[in-house]
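Now for the letters of each chain:
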Amino acid sequence: MAANTAENFPELKNDLMLRAARGEKTERVPVWVMRQAGRYLSEFRAMRAENEFFKVCQTPELACEVTLQPIRRFQLDAAIIFSDILVVPQALGMTVEMVPGKGPSFPEPLKVPEDMSKLDKDVDVNKTLGYVFDAITLTRHKLEGKVPLIGFSGAPWTLMCYMIEGGGSESMSKPKQWLYKYEEASHQLLNILTKVIIDYLVGQVIAGAQLLQVFESHAGHLCPRTFHTFALPYLSIIARQVEEKVRAQGKEPVPMIIFAKGAHYAIEDLAQSGYEVVGLDWTVNPKTARHQTQGKVTLQGNMDPGALYASKEEIRTIVREMLEQFGTQQHIANLGHGIYPTIDPDHVEAFVDAVHSISEEINLDSKKKN
Ligand code: 1CP
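About the cut-offs
Counting from 1, residues in each chain are numbered in the order their sequence is written. Owing to the predicted nature of the model, reporting of local features is limited to residues with pLDDT of at least 70; listing and counting of side-chain atom pairs is limited to 80 or more, with chain, interface and lining totals taken over all residues. Each side-chain value is worked out from all heavy atoms of the structure, with water and hydrogens disregarded. UniProt positions are given in the numbering used here, feature names are shortened, and annotations may be inferred rather than shown by experiment. A run of H or I in DSSP counts as a helix once it spans at least four residues, and a run of E counts as a strand once it spans at least two, with each numbered from the N terminus. Whenever Lys or Arg places a side-chain nitrogen within 4 Å of a carboxyl oxygen from Asp or Glu, that contact is recorded as a salt bridge. Exposed residues in this analysis have more than 50% of their type's maximum accessible area, buried residues have under 20%, and partly exposed residues fall in between, with area computed by a 1.4 Å probe over protein chains only. Patch membership needs two things, relative accessible area over 30% and no salt bridge, and members are linked within 9 Å if like-charged or within 5 Å if nonpolar (Val, Leu, Ile, Met, Phe, Trp, Tyr). Here the Shrake-Rupley method, with its probe set to 1.4 Å, supplies the accessible areas, and only the displayed protein chains count as covering residues. Inter-axis angles, ranging from 0 to 180 degrees, are taken between N-to-C directions of lines fitted to C-alpha atoms, where helices are fitted over the stretch in contact. In what follows, a contact means two residues having at least one pair of non-hydrogen atoms within 4.5 Å. By the convention adopted, Pro, Cys, Tyr, Trp, Phe, Met, Ile, Leu, Val and Ala count as nonpolar, Lys, Arg, Asp and Glu as charged, and the other residues, Gly among them, as polar. Throughout, near means a residue has at least one heavy atom within 4 Å of the molecule or strand. Here a polar contact is taken to be a pair of N or O atoms separated by no more than 3.5 Å, where protein atoms must pair a possible hydrogen donor with a possible acceptor and residues adjacent in sequence count only if both atoms sit in side chains. In this analysis, the expected span of each helix is defined as 1.5 Å times one less than the number of residues it contains. We define the nonpolar core as a collection of buried residues of types Ala, Val, Leu, Ile, Met, Phe, Trp, Tyr and Cys that are connected through side-chain atoms lying within 4.5 Å of one another. Between rings of Phe, Tyr and Trp, where Trp is taken as its six-membered ring, a pair exists when centres lie within 6.5 Å; planes separated by under 30 degrees are stacked, by over 60 edge-to-face, and by other angles tilted. Lysine and arginine charges are scored as sitting over a ring when NZ or CZ, respectively, is within 6 Å of the ring centre and within 35 degrees of the ring normal. When DSSP finds two or more bridges between two strands, those strands count as paired.

1. A few points about the UniProt feature "domain: Uroporphyrinogen decarboxylase (URO-D)" (unreviewed entry) in the protein
The positions UniProt marks with the feature "domain: Uroporphyrinogen decarboxylase (URO-D)" (unreviewed entry) are residues 30–39 and 150–166. Between the C-alpha atoms that bound residues 30–39 the distance is 23 Å, and the span itself is 0% helix and 0% strand. Structurally, residues 150–166 comprises 59% helix and 29% strand, and the distance from its first C-alpha atom to its last is 27 Å.

2. Quick notes on the pattern of salt bridges
In total, this model carries ten salt bridges according to the counting rule given. For D77, the salt bridge goes to R28, with nearest N and O atoms at 3.6 Å. Remark: R28 occurs in the loop between α1 (16–21) and α2 (42–50) and D77 occurs in the loop between α4 (60–73) and β1 (79–80); sequence separation between them is 49 residues. According to the relative accessible area criterion, D77 is buried, its value standing at 0%. Of the charged contacts in the structure, one is a salt bridge between E65 and R72, with a shortest N-O distance of 3.0 Å. Taking relative accessible area as the criterion, E65 reaches 29% and is therefore assigned partly exposed.

3. Describing a nonpolar patch on the surface
A cluster of nonpolar side chains, W282, Y309 and Y340, forms an exposed patch at the surface whose accessible area comes to about 300 Å². Locating Y309 in the fold gives a position in the loop between β8 (298–303) and α15 (312–326). Residue Y309 is classed as partly exposed on the basis of its relative accessible area, which comes to 46%.

4. Description of the packing of helix α9 (residues 173–181) against helix α10 (residues 183–207)
Contact pair α9 / α10: the axes reach a minimum separation of 5 Å and the direction vectors enclose 120°. Side by side, α9 and α10 meet where W178, L179 and K181 of the first sit next to E183, A185, S186 and L189 of the second. Grouping the constituent residues of the contact of α9 with α10 by class yields four nonpolar, one polar and two charged.

5. Details of the site of the ligand
Surveying the vicinity of the ligand reveals 22 residues, the closest of which are R48, D84, Y162, S217 and H337. At a separation of 2.6 Å, an oxygen atom of the ligand approaches a polar side-chain atom of R48. Residue S217 places a side-chain N or O atom 2.5 Å away from an oxygen atom belonging to the ligand. When isolated, the ligand has an accessible area of 890 Å², and the protein chains bury 87% of it. Across the shell around the ligand, the residue classes tally to 13 nonpolar, five polar and four charged.

6. Quick look at α4
Structurally, the α-helix is built with 3.6 residues per turn, so residues lying three or four positions apart point the same way. For α4, spanning 14 residues, the distance from its first C-alpha to its last is 21 Å, which sits close to the expected 20 Å at 1.5 Å a residue. Along α4, ten of the 14 residues are buried, which leaves the element largely enclosed by surrounding structure. Inspection of α4 places P60, L62, A63, C64, V66, T67, L68, Q69, P70 and I71 among the buried residues, and these make up the whole buried set. Next to the buried residues of α4 lie α2, α3 (53–58), β1, α7 (130–142) and β4 (149–154).

7. Observations concerning the nonpolar core
In terms of nonpolar packing, the biggest core is built from 139 residues, with L189, F227 and F351 touching the most fellow members. Broken down by element, this core gets its largest block of residues, 13 residues, from α10. In this view, F227 contacts A219, L222, L232, P233, L235, A263, Y265, A266 and L270; residues no more than four positions away in its chain are not counted.

8. Some points on the packing of aromatic side chains
Centre distance and the angle of the planes are the two values used to describe a pair of aromatic rings. Tallying each qualifying case throughout the model produces nine aromatic pairs. Consider the rings of F152 and F215, whose centres lie 5.5 Å apart with planes at 90°: the pair is edge-to-face. Here F152 is found in strand β4, whereas its partner F215 is found in strand β5 (residues 211–216), with 63 residues between them in sequence. Both residues of the pair, F152 and F215, count as buried. Note on F215 and F259: the rings are 6.4 Å apart at their centroids and 80° apart in plane angle, and the pair reads as edge-to-face. Of this pair, F215 sits in strand β5 while F259 sits in strand β6 (residues 256–260), and the two are 44 residues apart along the sequence. Over the aromatic face of F9 sits the side chain of R140, whose NZ or CZ is 3.9 Å from the ring centroid.

9. Here we look at unusual backbone geometry
Between G301 and the following residue, N302, the backbone shows a cis peptide bond with an omega angle of -15°. Looking at the element boundaries, N302 is found in strand β8. Phi angles above zero are rare outside glycine, and M172 is one such case at about 50°. Positionally, M172 belongs in the loop between α8 (156–165) and α9. You will see that Q294, though not glycine, has its phi angle at about 50°, which is positive. Looking at where Q294 falls in the secondary structure, it is placed in the loop between α14 (286–293) and β8.

10. Regarding the pairing of β4
Within β4, six of the six residues are buried, leaving the element largely enclosed by the surrounding structure. The alternating pattern of β4 places L149, G151 and S153 and I150, F152 and G154 on opposite faces, both of which are buried. Where β1 lies against β4, two bridges are found, and the strand directions are parallel. In the strand pairing of β4, A79 is matched with L149. Pairing of β4 with β5, which is carried by five bridges, proceeds in the parallel orientation. Opposite S153, over in β5, you have V214 as the bridge partner.

Laid out in structure tokens, this is it:
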């Protein structure tokens, strides 16, 4: 049997996500869920009971297994490689621990600009993050072409937040201090991150990722002014350079999704920043976002993750409202942020099935009318 390489992948059987991302017509709305591999699944908890978090990320067989868990359970239209955005600060030489019950923690965060000298600025992503590429290649084979595989990275500002704050935070006041006190050093750090993120995303495409999502999860801590100075320019550079560098390696570029949580003030700009898809958090009104983006991009989102606590009937009603607001084209259904660990998996199934059946029904109805 031929070895599993990044060349001989099984043929893709479900390309709904790819077509929707490129703005092509779809017979039903594709759906996936942020954090679809996670603690709400008993098989994930069993795996984590035996293995430390970053060990799962660093072991391609384990990362692949966890990626496939939700795909076995639900009729999702995409898989997302199991990893974390914080593997990039690790690749730059920082220590990150996953503290049970608390989340990620950096024992030695960056406190002052001089601390940046500790970072490995010329990281070779093939050496430091090659395990992610191996996990992607393996997972592409194990998926057997069932659905496409999404690769991802944290965006520069969001990673800067964790590297300076040292973990999750209500206010991200420490990285915000940098923006106002050390403007030049902030740009230096964002540039270091942008360079490694570009290499990392290109490497994921070469390894087999069929779409890419960039998580700007802490956009909501910025204001329009700081977003335009410290986030948007870097997001645009990433979209442009990933495309160029993938092409330069003789591969076709893949659709890219930008999810900037809390950036409701920047939706028009995000629609012109080089990404095919703009992800929306649950606070955004889909109709307003459609008006703001004028069909330039596909929109992804944005059901309140909390709505999965509703009854299955109620979930169908909420999904119908969401689909009516977005329309059934140029839409990828998702939650407005990651799923909570206390959600009943049966309700995820109800969500996924409702997106499929209701969007198909709406499409058939509109065909009949025409
Ligand atoms: O013990 C555990 O299992 C920890 C829970 C967990 C999981 C399941 C963490 C810790 N990370 C992950 C996986 C993960 N992280 C994925 C997997 C793929 C998927 O199924 O979606 C992805 C895409 C991420 C990305 C990630 N990590 C983001 C961006 C998305 C988002 O939520 O905005 C962020 C901010 C992180 C950091 C992080 N990692 C883990 C936690 C609890 C956090 C948040 C910390 C905080 O700010 O409080």
